[in-house]
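What follows is the residue order along each chain.
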Amino acid sequence: MALNNPYAAYQRYATVKKTQTNQQAVNNQETYRTTTTQPVNSIQTTNTANGANQYLENAVLSASPEELTLMLYDGALKFMNQAIIHIQMKNIEKSHMTIVRAQDIFTELMSTLNMDYEMSQNLYSLYEFINNSLMQANIKKDTDLLREMITFTRELRETWAQAMKIAKKG
């Protein structure tokens with residue numbers, strides 16, 4: 001196994017997401033309070049955020065290390081696709097945030113590699129290339145470069161999924 005602890009990597013990713021989701025719920029309540037005189041239904045907003053966080057937490061806790069790695073790839077793909085949309089909409093702040101989230105995932109993937117294996121060293125180089133390319137795409141707001149990194153990431157994800165199937169067969 002090339003990864004030391006993908007659970008820890010996904011847990012860090014999920015914790016950041018959980019904190020941001022809770023903060024977004026608070027921000028939404030504050031915005032609502034300042035724009036209307038009606039009472040805020042904070043219980044419903046909190047329950048929705050808590051339900052999503054609970055689902056994510058359960059998915060992480062019940063997933064195998066291999067499935068967690070697949071989830072990280074899925075998260076990176078999601079954020080890169082969102083970044084393209086935000087760039088096209090000229091929303092610089094959101095495009096920056098989503099690209100940084102994708103970079104964070106690749107940084108976590110890099111940090112969890114067991115460098116005792118040659119394959120891990122190759123993956124590290126590939127993750128580093130993707131991370132650096134994402135940084136350039138963020139600076140230039142380059143959707144073509146993002147699409148190229150999506151292609152690489154999708155291929156990594158599909159390869160990982162195939163490896164999981166082969167490993168399950170024995």
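Residues numbered from 1 in each chain as written. Predicted model: local features only at pLDDT ≥ 70, side-chain atom pairs only at ≥ 80, totals over all residues. Heavy atoms only, no water.

### Concerning the overall build of the chain
Just so we agree on the cut-off: Secondary structure elements follow DSSP: runs of H or I no shorter than four residues count as helices, runs of E no shorter than two count as strands, and numbering proceeds from the N terminus. The classification of residues rests on relative accessible area computed with a 1.4 Å probe and restricted to protein chains. Under 20% of the type maximum is buried, over 50% is exposed, and intermediate values are partly exposed.
Counting secondary structure elements, the chain contains 6 helices and 0 strands. Along its sequence from the N terminus, the chain presents helices and strands in the succession α-α-α-α-α-α. Across the 170 residues in the chain, those meeting the buried criterion constitute 37%.

### Concerning the side chain of S95
Heads up, the rule is: Nitrogen and oxygen atoms within 3.5 Å of one another constitute a polar contact, given that in protein one can donate a hydrogen and the other can accept it, and given that sequence-neighbouring residues count only through two side-chain atoms. Two residues qualify as a contact provided that any one of their heavy atoms is within 4.5 Å of a heavy atom in the partner residue.
The topology assignment puts S95 in helix α4 (residues 92-111). A polar contact is formed between the side chain of S95 and the backbone oxygen of I92, at a distance of 2.8 Å. Here S95 is in contact with A83, H86, I87 and K141, once residues within four sequence places are set aside.

### Some details on unusual backbone geometry
The residue K90 is not glycine, and still its phi comes out positive at about 65°. Given a relative accessible area of 68%, K90 falls into the exposed group. In this structure, K141 is a non-glycine residue whose phi angle is positive, near 55°. On the secondary structure map, K141 appears in the loop between α5 (118-140) and α6 (143-169). For K141, a relative accessible area of 21% puts it in the partly exposed group.

### Looking at the packing of α4 against α5
What counts, and what does not: Fitted lines through C-alpha atoms serve as axes, helices being fitted only where they are in contact, and the angles separating the N-to-C directions of these axes extend from 0 to 180 degrees. An angle counts as roughly parallel when it lies under 35 degrees, as roughly antiparallel when it exceeds 145, as roughly perpendicular when it falls between 65 and 115, and as oblique in every other case. Should the near helix be turned counterclockwise from the far one by less than a right angle, the crossing is left-handed, whereas a clockwise turn marks it as right-handed. Side-chain classes are defined by residue name, with Ala, Val, Leu, Ile, Met, Phe, Trp, Tyr, Cys and Pro counting as nonpolar, Asp, Glu, Lys and Arg as charged, and the others, Gly among them, as polar.
Closest axis-to-axis distance for the α4/α5 pair is 9 Å, and the angle between their directions is 165°. Classed by the angle they form, the pair α4 and α5 counts as roughly antiparallel. Relative to α5, α4 is oriented so that their crossing is left-handed. On the side of α4, the interface is formed by H96, I99, V100, A102, Q103, F106, T107, L109 and M110, while α5 contributes Y124, Y127, E128, I130, N131, L134, M135, A137 and N138. Of the residues assigned to the contact of α4 with α5, the class counts are 12 nonpolar, 5 polar and 1 charged.

### Some points on the confidence of the model for the chain
Stated formally: As a per-residue measure, pLDDT tells how confident the predictor is, with possible values from 0 to 100.
The share of residues in the chain with pLDDT of 70 or more is 69%, and the mean pLDDT across the chain is 81. In this model, residues 25-43 is a region of pLDDT below 50 whose contacts with residues beyond four sequence positions or in other chains number 10 contacts.

### Concerning the packing of α5 against α6
Contact geometry for α5 and α6: axes closest at 9 Å, N-to-C directions at 155°. Here α5 is positioned roughly antiparallel relative to α6, judged by the angle of their axes. The handedness of the crossing between α5 and α6 is left-handed. Between α5, through L123, L126, Y127, F129, I130, S133, L134, Q136 and A137, and α6, the contact on the second element is made entirely by L145, L146, M149, F152, T153 and L156. Among the residues making up the contact of α5 with α6, the classes are represented as 12 nonpolar, 3 polar and no charged.

### Some remarks on the packing of aromatic side chains
How we decide: Two rings belonging to Phe, Tyr or Trp (six-membered ring only in the last case) form a pair when the distance between their centres is within 6.5 Å. Interplanar angles under 30 degrees mark stacking, angles over 60 mark edge-to-face geometry, and anything in between is tilted.
Here the structure, examined in full by the defined rule, presents 3 aromatic pairs. Note on F106 and Y127: the rings are 5.8 Å apart at their centroids and 55° apart in plane angle, and the pair reads as tilted. Pair noted here: F106 is in helix α4 and Y127 is in helix α5, with a separation of 21 residues, a long-range link. Each member of the pair, F106 together with Y127, is buried. Here the aromatic residues Y73, F106 and Y127 are joined through ring pairs into a cluster of three or more.

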